[in-house]
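# Commentary on secondary and tertiary structure
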Amino acid sequence: MSGIPTIKSLDELTELVEHRPGLYLRYSKGPDADAGKPSVDYESRLELPGLSVTVLDAERWWTLPLRDWLARQICKYTHLAEKDEERHAWVLTGRVVGRGPDHEPLIDQVEPLAWLDDSVVEQAREHYEEVFDAGRDSTG
C-alpha cells in the first residue's frame, strides 16, 4: 500500500475537507494499483479518460452539516469494497477531465492524500443510518 497517511475518524476527514477544497474519494486497490490506469465503463468496456471518483466537497445547496454529506458520500459506493476485500477507500485530488456514465467526475493528475481507515467507513455508515432515511427513493 502506498505510503500515504491514514484518516482514522469521520471528524478528521471532515476537518480535512473543510480546510482543503477539491477532494475526492475512491474505492479501489489503491493509488499504486491505479497509477497510469484509467477507469473502465463496465457495460461498454470503454476506457474512461480518468479515474472515477466521488466528490467530497458539499454542494452549495447542501445546508446540513458537512459531516452528514461526507457520511452519505462515503456510503454511496461501499458496496465496491464489500465485494472485493482488496478495495479500500482513499482520498485524492486531481484535475476533472470528464464525467463517467453515472455522471461521476473522472480525474487525472491524481495526487493521493490519505487512506480511510475501515473504522471511518463504519462510522459513516452508522451516522448515515442515524441521520438519513437510508434506502428511501424518490418515489416514496
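For the structure itself, consult the block above.
All of the points below concern the structure found in this document. If you're wondering where the values come from, they're calculated on a predicted model, not measured in any experiment.

## Quick notes on the overall build of the chain
When its secondary structure is counted, the chain shows 5 helices and 6 strands. The order of helices and strands in the chain, counted from the N terminus, is β-α-β-α-β-β-α-α-β-β-α. Sequence separation of at least 24 residues holds for 69% of the intrachain contacts in the chain that already meet a minimum separation of 6. For the chain, the accessible surface area stands at approximately 8,500 Å², while carbon and sulfur atoms represent 46% of it.

## A word on the pattern of salt bridges
Applying the stated criterion across every chain, the model contains 5 salt bridges. For Arg-67, the salt bridge identified is with Asp-11, shortest N-O distance 2.3 Å. Pair noted here: Arg-67 is in helix H3 (residues 66-76) and Asp-11 is in helix H1 (residues 10-19), with a separation of 56 residues, a long-range link. Linking Arg-26 and Asp-34 is a salt bridge whose minimum nitrogen-to-oxygen distance equals 2.6 Å.

## Some thoughts on the pairing of strand S2 (residues 24-28)
Within S2, 5 of the 5 residues are buried, which leaves it mostly tucked inside the rest of the structure. Along S2, one buried face is formed by Tyr-24, Arg-26 and Ser-28 and the opposite face, lined by Leu-25 and Tyr-27, is buried too. The pairing of S2 with strand S4 (residues 54-55) spans 2 bridges and is classified as antiparallel. When the sheet's bridge partners are listed, Leu-25 is paired in S4 with Thr-54. One ladder, built from 5 bridges, connects S2 with strand S5 (residues 88-99); its direction is antiparallel. Bridge pairing links Tyr-24 to Leu-92 in S5.

## With respect to the layout of surface pockets
Its volume calculated, the second largest pocket comes out at about 380 Å³. Looking at the second largest pocket, it is lined by 17 residues, and the ones nearest its centre are Val-55, Gln-73, Lys-76, His-103 and Pro-105. At the level of secondary structure, the elements contributing two or more residues to the lining of the second largest pocket comprise S4, H3 and S5. The leading source of residues in the lining of the second largest pocket is H3, at 4 residues.

Conventions adopted
- Residues numbered from 1 in each chain as written.
- Predicted model: local features only at pLDDT ≥ 70, side-chain atom pairs only at ≥ 80, totals over all residues.
- Heavy atoms only, no water.
- Helix = DSSP H or I, 4+ residues; strand = E, 2+ residues; numbered from the N terminus.
- Contact = heavy atoms within 4.5 Å.
- Areas by Shrake-Rupley, 256 points an atom, 1.4 Å probe, with all protein chains shown as cover.
- Salt bridge = Lys/Arg side-chain N within 4 Å of Asp/Glu carboxyl O.
- Buried < 20%, exposed > 50% of the residue type's maximum accessible area, 1.4 Å probe, protein only.
- Pairing = 2+ DSSP bridges.
- 1 Å grid on protein atoms, 1.4 Å probe; cavity = no way out; pocket = protein on both sides within 12 Å on 5 of 7 lines; lining within 4 Å.
- Points joined across faces, edges and corners; volume = space filled by probe spheres on them.

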